[in-house]
Protein chains: 2
Amino acid sequence: MQGLHLIEGTETKTRASAVYLDIRRAILEGSLVPGAKLNVRDLSARFQTGLSPVRESLNRLAMEGLASHEDNRGFVVSPVSVPELQDLTQARCWMNELGVRRSIELGDSAWEEAVLVTCHRLSRTPRSRADGLPGPNVDWEQAHKAFHQALVSACGSNWLIETCSQLYDSADRYRSLARLAGAARHDPLDEHSEIMTAALDRDADRSARLLTEHFQRTAELVQTVIRTQEG
Amino acid sequence: MQGLHLIEGTETKTRASAVYLDIRRAILEGSLVPGAKLNVRDLSARFQTGLSPVRESLNRLAMEGLASHEDNRGFVVSPVSVPELQDLTQARCWMNELGVRRSIELGDSAWEEAVLVTCHRLSRTPRSRADGLPGPNVDWEQAHKAFHQALVSACGSNWLIETCSQLYDSADRYRSLARLAGAARHDPLDEHSEIMTAALDRDADRSARLLTEHFQRTAELVQTVIRTQEG
DNA sequence: TTGTCAAGAATGATCGATCATTTCCTAAAA
DNA sequence: TTTTAGGAAATGATCGATCATTCTTGACAA
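Note that the structure is predicted; figures quoted are calculated from it, not measured. Numbering of residues starts from 1 in every chain and runs along the sequence as written. Key to labels: chains lettered from A, ligands numbered from 1, both in the order written. Totals for whole chains, interfaces and linings use every residue, but because this is a predicted model, local features are given only for residues with pLDDT of at least 70 and side-chain atom pairs only at 80 or more, for both listing and counting.

(A) A look at the overall build of chain A. Think of it this way: any DSSP run of H or I at least four residues long counts as a helix, any run of E at least two long counts as a strand, and we number them from the N terminus. Looking only at helices and strands, chain A features 9 helices and 3 strands. Taken over C-alpha atoms, the radius of gyration is set against a globule rule of 2.2 Å times the number of residues to the power 0.38. Relative to its length of 231 residues, chain A is compact, with a C-alpha radius of gyration of 19 Å against a globular reference of 17 Å. Overall, chain A is about 55 × 45 × 40 Å in size when its C-alpha atoms are taken along their principal axes. The burial label depends on the number of other C-beta atoms within 10 Å of a residue's C-beta. Counts of 20 or more mean buried, 12 or fewer mean exposed, and intermediate counts mean partly exposed, with C-beta atoms placed from the backbone. Across the 231 residues of chain A, 37% fall into the buried class. Placing C-beta atoms from the backbone, we regard two residues as in contact once those atoms come within 7 Å. Excluding contacts between residues fewer than 6 apart, the proportion of contacts in chain A whose partners are at least 24 apart in sequence is 67%.

In structure tokens, the structure reads:
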């Protein structure tokens, strides 16, 4: 079997992994909405594959928290809620504060350069797509995550880095949902630059404060959207 | 299908979940040693079930970090190492410090009572098994985890509570491995009481310090064992 | 109308056969 | 002796049929 391409650009060794990545992306992008049933046979048909790879994918997603599972009742896209968003945001603030403080303490010049470069790339990447379509700009999403991960990358703990990455993805899902619901984004271009400057100045307190505010501001916007949808 | 009992006391609705819990326990107890191959057909035979439930279990374990997976190369019990133990310990210290500080801040009398009761139960549960066999005393393990989870239970963040639980289990695996390798345990009975007292006194700094020392002391013991095994 | 219950349909879970890839073993060549 | 090629064996991955459970539907009774 050659590499699989269930979706353009995705190439993996097994069907299970390919399907996993595709469903994962669909959930994070919001094209699979919270609460949606993840019917194994339907997904098999959609991805032109058997039942086993789909079930394996869903098991992975459930452990990751992106899907929910109950024995004999199948899988569902994990629901979203304001309390869960608040919990998530709190965790992001804690973890990123820890990460950036340690990185400021331990980071060498390579770390500084990574922060500088990823921030620069982020500022050069347009927020909206080049083709004018309304979807997310994958390049920007990637640059944004790269910058936030760079900030904590010198903390010395792989566990913390991985945790920040997972939290980022979960929060990203909320952002996508808010965008789909038509939230206008106050452009946070300068916020990122400010955070970068604080980090390169090795000002731990200011970095932590700016990061926390950055996360909370985003969360508040998303919260508003969820509330208007629920009500 | 009635409840399944693959192992005494385990009862779940699907084979996949039953097998998952059994393999998980085997890994945490150390009867499946780090690096051991998790052969799907062998496990199917051992648990008297088909291939699918086993594969689903292994996918879950891999996402959880207890198993490692590479496409087309199957599953392996996750290896252990001194650096990973250090990372894990660091993370435990951070997370439990956060958890206990917030709990001291937010916890009501129900939290205090939970800490008191779980500590009491722990002190009343013998460390070694009633039947004199050398294995772990499941009651003690359970009481120990209950106490540590009680300490952070009022932190207000489900995410943090769940994270502490996962970290506990991962660290517990290291402890089991050290015990199997014949590590003599300096009995930490009083450590737990001291932590309890500090928490009930609402002394956040002392609680955090004692917890961190508690984790680090255990980790150092385990490290020694791993090093002597490696060397 | 509302509640109950028994088919029947839909869906989830499991099975073992089969296909694909990797690993192992052996023999010939360097 | 070491290296390498090739084929067999082992293992991983996938498939679709089948079994088990849950959900739906509609007739009937209260």
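The rest of the description comes next.
(B) Spotlight on the sheet that holds strand E3 (residues 74-77) of chain A. Residue and element names in this part refer to chain A. On the basis of which strands lie adjacent, the open sheet formed by 3 strands has the order E1-E3-E2 and antiparallel pairing. The open sheet terminates on both sides in strands that have one partner only, identified here as strand E1 (37-38) and strand E2 (67-70). Only strands that DSSP links by at least two bridges are regarded as paired with each other. Bridge analysis of E1 against E3 gives 2 bridges, and the strand direction is antiparallel. Along E3, the bridge assignment pairs Lys37 with Val76. Packed on one face of the sheet, helix H3 (residues 51-64) meets E1, E2 and E3 and runs near 105 degrees to E2. Helix axes are fitted only over the stretch in contact, all axes being lines through C-alpha atoms; the angle between N-to-C directions runs from 0 to 180 degrees.

(C) Structural detail: the relation of the copies chain A and chain B. Alignment of the copies relies on least squares applied to C-alpha atoms, considering only residues that score at least 70 for pLDDT in both. Overlaying chain A on chain B yields an RMSD of 0.1 Å, the required transformation being a rotation through 180 degrees with an accompanying axial translation of 0.0 Å. What we have between these two chains is a two-fold relation. When the interface residues of chain A are mapped onto chain B, 100% of them again fall at the interface, so both copies present the same face.

(D) Expanded view of the interface of chain A and chain B. Across the boundary between the two partners, chain A contributes 23 residues, which contact 23 residues of chain B. The set of elements that each furnish at least two residues to the side of chain A that touches chain B consists of H3, helix H4 (82-106) and helix H7 (158-180) of chain A. Classification convention: Asp, Glu, Lys, Arg as charged; Ala, Val, Leu, Ile, Met, Phe, Trp, Tyr, Cys, Pro as nonpolar; all other residues, Gly among them, as polar. Taken together, the residues of the side of chain A that touches chain B break down into 7 nonpolar, 9 polar and 7 charged.

(E) Quick look at the packing of helix H4 (residues 82-106) of chain B against helix H7 (residues 158-180) of chain B. Residues and elements named next belong to chain B. Packing of H4 against H7 brings their axes to within 10 Å, and their N-to-C directions diverge by 145 degrees. Seen from above, H4 lies across H7 with left-handed handedness. Counting all contacts with H4, which are made through Leu85, Leu88, Ala91, Arg92, Met95, Asn96, Leu98 and Gly99, the residues of H7 involved are Leu160, Thr163, Cys164, Leu167, Ser170, Ala171 and Tyr174. Residues belonging to the contact of H4 with H7 are distributed by class as follows: 10 nonpolar, 4 polar and 1 charged. For a crossing to be left-handed, the near helix must be turned anticlockwise from the far one by less than a right angle; the clockwise case is right-handed.

(F) Summary view of unusual backbone geometry. All names here are of chain B. A positive phi is found at Gln48, a non-glycine position, where the angle reads about 55 degrees. Following the sequence through the fold, Gln48 ends up in the loop between helix H2 (40-46) and helix H3 (51-64). Owing to 10 C-beta atoms within 10 Å, Gln48 belongs among the exposed residues under this scheme. Phi angles above zero are rare outside glycine, and Asn72 is one such case at about 70 degrees.

(G) Structural detail: the packing of helix H5 (residues 109-124) of chain A against helix H6 (residues 138-152) of chain A. Residues and elements named next belong to chain A. Contact geometry for H5 and H6: axes closest at 8 Å, N-to-C directions at 160 degrees. If you check the angle between H5 and H6, you find them roughly antiparallel. For the pair H5 and H6, the sense of crossing is left-handed. Where H5 abuts H6, its residues Ala114, Val115, Thr118, Cys119, Arg121 and Leu122 lie against Ala143, His144, Ala146, Phe147, Ala150 and Leu151. Here is the rule for angles: anything less than 35 degrees is roughly parallel, anything more than 145 is roughly antiparallel, 65 through 115 is roughly perpendicular, and the remaining ranges are oblique.

(H) Up close: the sheet that holds strand E3 (residues 74-77) of chain B. The 3 strands lie next to each other as E1-E3-E2 (chain B), forming an open sheet whose pairing is antiparallel. The open sheet is flanked by strand E1 (37-38) and strand E2 (67-70) of chain B, the only strands paired with a single partner.

(I) Spatial organisation of the environment of B:Gln86. All names here are of chain B. Structurally, Gln86 is set in helix H4. Assessed through the 15 C-beta atoms surrounding it within 10 Å, Gln86 is described here as partly exposed. Along the sequence, Gln86 and Gly50 sit 36 residues apart, while their C-alpha atoms lie 38 Å from each other.

(J) Inspection of the pairing of E3(A) at higher detail. Residues and elements named next belong to chain A. Of the strand pairs in this sheet, E2 and E3 are connected by 4 bridges, and their pairing is antiparallel. The residue of E3 that forms the bridge with His69 is Phe75. Connecting the antiparallel pair E2 and E3 is a turn made up of 3 residues, with Asn72 showing a positive phi of about 65 degrees.

(K) Summary view of helix H1 (residues 15-29) of chain A. All names here are of chain A. Multiplying one less than the number of residues by 1.5 Å gives the expected span of a helix. For H1, which comprises 15 residues, the first-to-last C-alpha distance of 21 Å matches the rise-based estimate of 21 Å (1.5 Å per residue) to within 8%. Regarding H1, the residues found buried are Arg15, Ala16, Ser17, Ala18, Val19, Tyr20, Ile23 and Ile27. Where H1 is buried, its residues contact H3, E3 and H7. Once H1 ends, the next one or two residues include Gly30, with phi positive near 90 degrees.

(L) Examining the environment of A:Ala36 more closely. Here A:Ala36 shows up in the loop between H1 and E1. Separated by 41 residues in sequence, A:Ala36 and A:Val77 place their C-alpha atoms 5.3 Å apart.

(M) Representation of the environment of A:Ile195 within the structure. Its location among the elements puts A:Ile195 in helix H8 (residues 189-200). Filtering out sequence-adjacent residues up to four positions away, A:Ile195 remains in contact with A:Ser207, A:Leu210, A:Leu211 and A:His214.

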